[in-house]
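Structural overview for review
Next come the chains, spelled out residue by residue.
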Amino acid sequence: MNEYTGWLLDLYPHPERGLVLWLIGDDGRRRCLRQDFPVTFYAAGPAQRLRDLWIFLQNQPLPIELSRTERRDLMTGATVVLAATLDSPSALPGLFQTLAYHFPDLAFYDADLHVALRHAAVYSTFPFARCHVAADEGDVIHEIKVLDSRWDVDAEAVPLRILTVEPDTDPLHTEPGRILLRTKQGCSALDLKDGGSTLAFLGYLLNRLDPDLILTSHGDTWLLPLLLKLSEQHDRPLPWNRDPDGEIGYRKERSYFAYNQVIYRGGQIHLAGRLHIDIHNTVMYHDYGMDGVLEMARVTSLPIQTAARVSPGTGISAMQIVTALENEILVPLRKEQAERPKTTSELFHEDMGGTVYDPIIGLHDDVGEIDFFSMYPSIMVRFNISPETVGSEKRTVEAVAGLESVVKREELGLIPQTLAPLLEKRFKLKSTLLTLSRLDCRYKNYKARTAAHKWLLVTCFGYLGYKNARFGRIEAHEAVTAFGREVLLRAKESAEELGFRVLHLYVDGMWVQKPGCKTAWDFQPLLDDIKTRTGLPIALEGVYKWVAFLASRSNKKIAVPNRYFGVFQNGEIKTRGIETRRHDTPAFIRETQIEILEMLAKAPDREGLNECLPGIRAVIRDRQNALRLGRVPPEKLIVRQTISRNLEEYRAPVPAFSALQELERAGKSLRPGQTIRLIYTLGSPRARAWDAETDFDPRTVNIPRYCRLLDRAVDAVLEPITGTPGAWLAQAVQLNFDHVPSLVVL
Amino acid sequence: MGNVTPTITDILHAEEANLARFRRALRREDQVVLDDLFTAAYRHRAAAAYAGHLLPFETFLLAMQIEDHREVMHLREEIRALHEQLKQVKAGRP
């Protein structure tokens, strides 16, 4: 028997070899091992139908072990089920498809689960787990022991071999001519016109380097499909898979509607034995990067290639499945609990969201921002909220009023069980982050990983009420918001009793003001009091030098809850809802607004803001001049918009429609959920698609429109300081013509 | 995801729309007053939502009253302060 220690790179089912596991050994060797891993699924329903199913399964050409047993359903308790065990996990998807067709009236459990999740539940494995493996001469695993935990804060670094492949230009805009390759040893560029040589070098590199991870740019949607096509044309197959018997896995592109918007997911290419990650097709890559992707895979137990491409919702669902399997709870195909019938009065009282105040409009100083630490997940854990624990409405109302658990803490529900270790890990990371300098090598990594945790925790709350969630229940979803409202109102009462003025409340955050409170210590008594009253972890996000809450554009007397900006005492700028945060803001306007904010951030306090205004006016003048004189590169004027429908479904000739039409004519079609890049132009059409043509004429740019956008962005950050909208404008324009006489000549 | 009932902002918008004919028939100067009253109601949406009243318009009316009364209290305080100043000025005169 051979024994190996190393990191688990990937695992997947194989029709002949059972389960295939790839191990990066401590000795540097990459080993392909296999394991016998039988999988069981269950069916429940009328006895006669279960007998029919038994006979049907006995007649299948596969070896299937059948038995009658009792398992626990999360909602209904012990249930008599038919258990069917297959030797090969790869046979299950096909068989289940047949069963769903022939027995639609039966309830199937554990039937569509990812094999990695099943393995995680049995052996506590996860991507990059440190493993000790005992395997025979045929590389069949007899024993596997995981040496670390997915909840460890600092995991040992994995010695990954990475090959980066990217085109020299954005393929959505112009046809790339070369591909750029980068490894630890160096980089090179390959000409795509010379397909044969490119393939030869790439093949050599794949064999020589034998990368564990191929990190691409547009690899799923453009690069790998192109290289695979080239391979076919030149009859020169490349060793993309490390597993010689493995096949390249393809997933189709799709658009779907979620969170009130159309979301597009490009096609996917998964490799066997090594990993392929396309940074442009990775969910939230812009937010948490590779560190976040690996953390997402680690805590969810999903294979890295899958974890990179699924939404956080699928991630949290995977975590719930692992908890259910570990506790021998049946995993249904989808949620089975319908909402309890309710009266109108009950709906009015229960069907509510979080508390959101209208902030007090204007500029404020001596303000502290206090945030509850992951409020909704913390509520679920502390008050034991889970689909199976939330019972009668009366009990929930009592529990909310007294801020106590809905059922005894000893019977911890499935959701709190899933979330508790994740919350604890996030808390440890966040606590360490507070003590780290930004220059510390761990800072970026910790920050990315906490961001990955954040998205999982945020979606966990939504999944309690989501129609496709496996473990959801509206009443649990409502109980969470009810606790949230109670907790926030208790925090508000605490602040007011201690003499603070509550400027704003926003679901899990609070902005409070008290003259003279300028340091964290000034807010400590309030934090302590809130902690005592609510029992939930709370932290001071920061103390502002000044913060401005903005009014609605349509009604200056009404505030917008999530539109504000401010500067903390440490100089850090925080913005929400203004142009810098919007995806459709052109880079030129975003940069101008950021520059103004940075100049304002240098003021020592609120009183010093007015002294910044002359310098800011000069900057605005420069920007206006650059725009009017056509000195702004067109790339900086690109507006990004998400396509919400197909071309034929547009009813009005909006700019996105014109640009989409132009793209279609250029043979580049986009699907709903994808982003279109456009530039506002003069005359008709009102916008041109940036990716439709390579020779964009800068003279066609609609300068007045961009000037208006600039004015609006400047107004948003200066109005709270000057007190009047456009107050800076007159002076800026005046200065413009006084000081740049050459402009008049032009 | 969860919610099936309209949000408090939707309800307030609907109430405002219901009164569109009433608003139209008002004099211009009164229209401004009505708009101001609705602005007052918008400011207390969080409290109105939390109340979960079956007839939310009653809560909106109360929100308008609150803003009105706050203004009255503020003006009272100003008048009191002015009276105080006036007294001092009078007392200071020979």
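What counts, and at which threshold
Residues numbered from 1 in each chain as written. Chains lettered and ligands numbered in written order. Predicted model: local features only at pLDDT ≥ 70, side-chain atom pairs only at ≥ 80, totals over all residues. Helix = DSSP H or I, 4+ residues; strand = E, 2+ residues; numbered from the N terminus. Rg over C-alpha atoms; globule rule 2.2 N^0.38 Å. Buried ≥ 20, exposed ≤ 12 C-beta atoms within 10 Å, placed from the backbone. Contact = placed C-beta atoms within 7 Å. Pairing = 2+ DSSP bridges. Axes fitted to C-alpha atoms, helices over the stretch in contact; angles between N-to-C directions. Nonpolar A, V, L, I, M, F, W, Y, C, P; charged D, E, K, R; others polar. Domains from an automatic or database assignment. Core = buried A, V, L, I, M, F, W, Y, C linked by C-beta atoms within 7 Å. Expected span 1.5 Å × (residues − 1). Parallel < 35°, antiparallel > 145°, perpendicular 65-115°, else oblique.

Some remarks on the overall build of chain A
Secondary structure summary: chain A contains 21 helices and 28 strands in total. Computed over C-alpha atoms, the radius of gyration of chain A comes to 29 Å, within 12% of the 27 Å expected from 2.2 N^0.38 for 746 residues, which places it in the range of a compact globule. With the C-alpha coordinates aligned to their principal axes, the bounding extent of chain A is approximately 90 × 75 × 55 Å. For chain A, with 746 residues in total, the buried portion stands at 39%. Put simply, of all contacts in chain A between residues at least 6 apart along the chain, 64% involve residues at least 24 apart.

Let's talk about the pairing of strand β23 (residues 538-551) of chain A
All names here are of chain A. Of all 14 residues making up β23, ten are buried, and the element is well covered by its neighbours. By the bridge criterion, three bridges tie strand β19 (residues 362-364) to β23 in an arrangement that is antiparallel. Following the sheet pairing, His-364 is matched in β23 by Val-547. Bridging between strand β20 (residues 367-372) and β23 involves six bridges; their strand directions are antiparallel. For Gly-368, the partnering residue across the bridge sits in β23 and is Val-543. Relative to strand β24 (residues 559-568), β23 runs antiparallel, the two sharing six bridges. Within the sheet, the bridge partner assigned to Trp-546 lies in β24 and is Val-567.

Remarks on the sheet that holds strand β11 (residues 178-182) of chain A
All names here are of chain A. Spatially, the five strands line up as an open sheet ordered β12-β11-β10-β13-β18, and their pairing is mixed. Of all the strands in the sheet, the pair left with one neighbour each is β12 (187-191) and β18 (275-278). Strand-to-strand twist of the sheet, defined as the mean angle between neighbouring strand axes without regard to direction, takes the value 20 degrees. Each of β10 (162-167), β11 and β12 touches helix α4 (residues 195-209); the most contacted strand, β12, lies at about 150 degrees to it.

Describing the interface of chain A and chain B
With 23 residues of chain A at the interface, the matching set in chain B holds 14 residues. Of all elements in the fold, only α9 (344-350) and α14 (474-497) of chain A reach the threshold of two or more residues within the side of chain A that touches chain B. The leading source of residues in the side of chain A that touches chain B is α9(A), at five residues. Classifying every residue of the side of chain A that touches chain B gives nine nonpolar, nine polar and five charged.

Things to note about the domain arrangement of chain A
For interface size, the figure often reported is the accessible area lost on association. Residue and element names in this part refer to chain A. Under the domain assignment, chain A is made up of domain 1 (350-407 + 466-575) and domain 2 (626-745). On a C-alpha basis, the centroid separation for the pair domain 1 and domain 2 is 38 Å. If you look at the interface, domain 1 gives five residues, while domain 2 gives four residues. Those elements that place two or more of their residues in the side of domain 1 that touches domain 2 are β19 and β23. Grouping the amino acids of the side of domain 1 that touches domain 2 by side-chain chemistry returns four nonpolar, one polar and no charged.

Observations concerning the nonpolar core
By size, the foremost hydrophobic cluster in this structure holds 190 residues, and its most contacted members are Leu23(A), Ile385(A) and Val480(A). There are two domains that each give this core at least three residues, and those are domain 1 (350-407 + 466-575) and domain 2 (626-745) of chain A.

Some details on the pairing of strand β4 (residues 39-44) of chain A
All names here are of chain A. Two strands pair when backbone bridges link them, and β4 and strand β6 (residues 77-86) are joined in this way by five bridges, in the antiparallel orientation. The partner of Phe-41 across the bridge, within β6, is Ala-84. In this sheet, strand β7 (residues 107-109) lies alongside β4 in antiparallel orientation, the contact comprising three bridges. Within the sheet, the bridge partner assigned to Ala-43 lies in β7 and is Phe-108.

Notes on helix α5 (residues 56-92) of chain B
Residue and element names in this part refer to chain B. Helix length check: α5, at 37 residues, gives a terminal C-alpha distance of 54 Å against a target of 54 Å (1.5 Å per residue), a fit within 8%. Listed as buried for α5 are Pro-56, Thr-59, Phe-60 and Ala-63. The inward-facing, buried residues of α5 abut α1 (8-18), α3 (28-43) and α4 (45-51).

Points about the packing of helix α6 (residues 285-300) of chain A against helix α8 (residues 312-326) of chain A
Residue and element names in this part refer to chain A. Where α6 meets α8, the closest approach of the two axes is 9 Å, and the angle between their N-to-C directions is 25 degrees. The orientation of α6 relative to α8 falls into the category roughly parallel. The segment α6 lies against α8, with Met-296, Val-299 and Thr-300 engaging Gly-315, Ala-318 and Met-319. Broken down by class, the residue content of the contact of α6 with α8 amounts to four nonpolar, two polar and no charged.

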